[in-house]
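Chains, contacts and geometry: an overview
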Amino acid sequence: MLWARLPLCSHSRPSTGGWQPLRFDGGAFHLKGTAKLARALLVLRLCAWPPLVTHGLAFQAWSQRLLGSRLSRALLRASIYGQFVAGETAGEVTDCVQQLQVLGLLPLLAVPTEEEPDSTAKTSEAWYEGNLRTMLHCVDLSRALVDTRGPARNSLMQLKVTALTSARLCKELSARIQRPAGSSELNPERLAEAMDSGQNLQLSCLSTDQNQHLQASLSRLHRVAQHARAQHVRLLVDAEYTFINPALSLLVDALALRWNRPEEGGPWVWNTYQAYLKETQKRLERDAEAAHKAGLAFGVKLVRGAYLDKERAMTQLQGKEDCTQPDYEATSRSYSRCLELMLRRVSLHGPLCHLMVASHNEDSVHQATKRMWELGIPPDGPVCFGQLLGMCDHVSLALGQAGYLVYKSIPYGCLEEVIPYLIRRAQENRSVLQGARREQALLSQELWRRLLGRKV
Ligand SMILES: Cc1cc2nc3c(=O)[nH]c(=O)nc-3n(C[C@H](O)[C@H](O)[C@H](O)COP(=O)(O)OP(=O)(O)OC[C@H]3O[C@@H](n4cnc5c(N)ncnc54)[C@H](O)[C@@H]3O)c2cc1C
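If you check an unreviewed UniProt entry, the protein appears there as Proline dehydrogenase from Phodopus roborovskii. In its Cofactor (unreviewed entry) section, the UniProt entry covering the protein states "FAD". Within the UniProt record for the protein, the comment given under Sequence similarities (unreviewed entry) is "Belongs to the proline oxidase family."

**Digging into the sheet that holds strand β1 (residues 106-110)**
Spatially, eight strands are ordered β1-β2-β3-β4-β5-β6-β7-β8 in a closed barrel, and the strand pairing comes out parallel. The average undirected angle you get between the axes of adjacent strands in this sheet is 30°. Inspection of the sheet shows strand β7 (residues 383-388) paired to strand β8 (residues 406-411) by four bridges, in the parallel sense. Within β8, the position partnered with leucine 388 by the bridge is serine 409. The strands that helix α11 (residues 245-259) touches are β3 (233-237) and β4 (269-274); relative to β4, the one it contacts most, it runs at about 150°. In the packing of helix α14 (residues 328-349) onto the sheet, the strands contacted are β5 (298-303), β6 (353-358) and β7, and the crossing angle to β6 comes to about 150°.

**Things to note about the pairing of β7**
Among the six residues in β7, five count as buried, and that is most of the element. Across four bridges, β6 lies against β7 in parallel orientation. Directly across from leucine 355, in β7, lies its bridge partner valine 383. Traced from β6 through helix α15 (residues 362-375) to β7, the parallel crossover comes out right-handed. In this region the chain leaves β7, passes through helix α16 (residues 393-401) and returns to the parallel neighbour β8; the handedness of that crossover is right-handed.

**Observations concerning the nonpolar core**
Core analysis: the largest hydrophobic core is formed by 121 residues, its most contacted members being Leu191, Leu214, Val224, Phe298, Leu355 and Phe385. It is α11 that provides the largest number of residues to this core, a total of eight residues. Apart from the residues within four sequence positions on either side, phenylalanine 298 is in contact with Pro267, Tyr273, Leu284, Asp287, Ala288, Ala291, Met342, Leu352, Cys353 and His354. The next biggest cluster of nonpolar side chains, apart from the first, holds twelve residues, and it includes Leu106, Val146, Trp270 and Ala358.

**What about the state of the cysteines?**
Summed over all chains, the structure comprises zero disulfides. Cysteine cysteine 96 is unpaired, with the sulfur of cysteine 138 as its nearest cysteine sulfur at 13 Å.

**Focus on a nonpolar patch on the surface**
Together, Trp62, Leu66, Leu67, Leu71 and Leu75 give the surface a local cluster of nonpolar side chains, amounting to about 510 Å² of exposed area. Secondary structure elements with two or more residues in the nonpolar patch: α3 (56-67) and α4 (69-78). When residues of the nonpolar patch are assigned to their parent elements, the largest contribution, three residues, is made by α3. In this fold, leucine 71 is placed in helix α4. Judged by its relative accessible area of 47%, leucine 71 falls in the partly exposed class.

**What to know about the pattern of salt bridges**
Summed over all chains, the structure comprises 29 salt bridges. Overlapping salt bridges bring together Asp196, Arg229, Arg258, Arg261, Glu263 and Glu264 as one network.

**As for the pairing of β3**
Among the five residues in β3, five count as buried, and that is most of the element. Here β3 shows two buried faces, one formed by Val233, Leu235 and Val237 and the other by Arg234 and Leu236. Here five bridges tie strand β2 (residues 155-159) to β3, and the two strands are oriented parallel to one another. Residue pairing for β3: leucine 156 is matched across the bridge by arginine 234. Sheet topology note: the β3/β4 ladder contains two bridges and is parallel. Paired with leucine 236 across the two strands is tryptophan 270, which belongs to β4. You can see the chain leave β3, run along α11 and come back into β4, and the turn it takes is right-handed.

Parameters at a glance
Residues numbered from 1 in each chain as written. Predicted model: local features only at pLDDT ≥ 70, side-chain atom pairs only at ≥ 80, totals over all residues. Heavy atoms only, no water. UniProt positions renumbered as here; feature names shortened; annotations may be inferred. Pairing = 2+ DSSP bridges. Helix = DSSP H or I, 4+ residues; strand = E, 2+ residues; numbered from the N terminus. Axes fitted to C-alpha atoms, helices over the stretch in contact; angles between N-to-C directions. Contact = heavy atoms within 4.5 Å. Buried < 20%, exposed > 50% of the residue type's maximum accessible area, 1.4 Å probe, protein only. Right-handed = clockwise from strand over helix to strand, strands pointing away. Core = buried A, V, L, I, M, F, W, Y, C linked by side-chain atoms within 4.5 Å. Disulfide = S-S within 2.5 Å. Patch = residues over 30% accessible without salt bridge, like charges linked within 9 Å, V, L, I, M, F, W, Y side chains within 5 Å. Areas by Shrake-Rupley, 256 points an atom, 1.4 Å probe, with all protein chains shown as cover. Salt bridge = Lys/Arg side-chain N within 4 Å of Asp/Glu carboxyl O.

Here it is, written out as structure tokens:
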């Protein structure tokens, strides 16, 4: 239930005088129902409790044994699943998205598929083909959910490449790409040609099985991109671990050659850049310039990065130099520089350059809105904001009400599949969940205000 069904925000310039910082003080919570606020407070408090995050899967198994599967499911649906997931069916997802749209927020659907490298079922060609069908359905749903008649109201969805191709192959490709001499065969043009023609790839650096799997993966990626383009849905490709990211970028570059040509109307395939990596700013600069020189549109989802602990553990294990920024402040400085770089490019290259500021961080959001105003970038133009469903609603709602384009990243799917995914994400985002204290304080303040019947 919504607390108040206000009309959708107007997508005009947020301020006519000077730039006014948005107020992330929970004022926009008046738009939400009491039950939803209470659930958010409860779930965020639970998620900030480290043992629950560390032993989440064990807690789930234990609650199933103790309470039975029906009651345990009901509890999860009323709490964690209900807070962070849109639902299981297209109907449930539609309901959730409609509620967000009333609040001025847009959907960014994400299929929470996770490969299990040690499982033969979850690394088989049949599994990737099943994921392809799910992705194509996600494109249809993304298209159906957004009213694209208004200006710049694009449908966007997230795409996880390792749902369509094996992480093992990506690791192999990445290792080859990173060798000093590289491999001249591994270039976007060659892969784009194979995607378009559907003819068998014969890369000498890969075995017959690997060539076959790469060809099948290229064909799946091509089908998703082709369908997304036909349905006017822009694909935001997720960044993952550094040991597979070079391969993911190679595949994005191959897709970009076909789908980011200016005559296609802006970038249809975007890459994600993780500011917590030391090399990211240089890479972003180089890629933006390369796209510009090649006459291609360029789309970027800018994040801080989700796999910090595992990245560090892996480099330590391998005795390599740490590729991540030394501390949180360095990551934030890197984010700020990448943001500035992209905003300048957007102001120069307009609709050919798109950016999603995917962050819950209030300083980053302030920086983005301020610089957008100074550079004359309209709030409903090629720059948008992204936050996770169920997280930092005080930031999302304030942005949405001020007329900015705000997308909530929305996982959906059956409870049994999504809960392990959520627990893994929570483990990777421990610092974010523990840092959600301010959101908890604002939620609690709003709930007390309602309980005591005070006016805002
Ligand atoms: C729409 C959306 C899409 C996303 N897609 C991706 C994706 O494709 N790939 C991906 O990796 N992540 C993705 N993320 C997650 C993102 O990378 C962050 O983990 C998350 O958003 C938290 O960062 P923040 O800026 O929101 O919050 P903040 O709380 O300001 O930042 C937390 C982040 O700071 C960094 N950090 C924390 N402590 C340290 C430290 N000691 N040293 C160095 N850095 C530190 C970490 O990156 C941590 O996640 C996505 C997030 C959103 C909202």
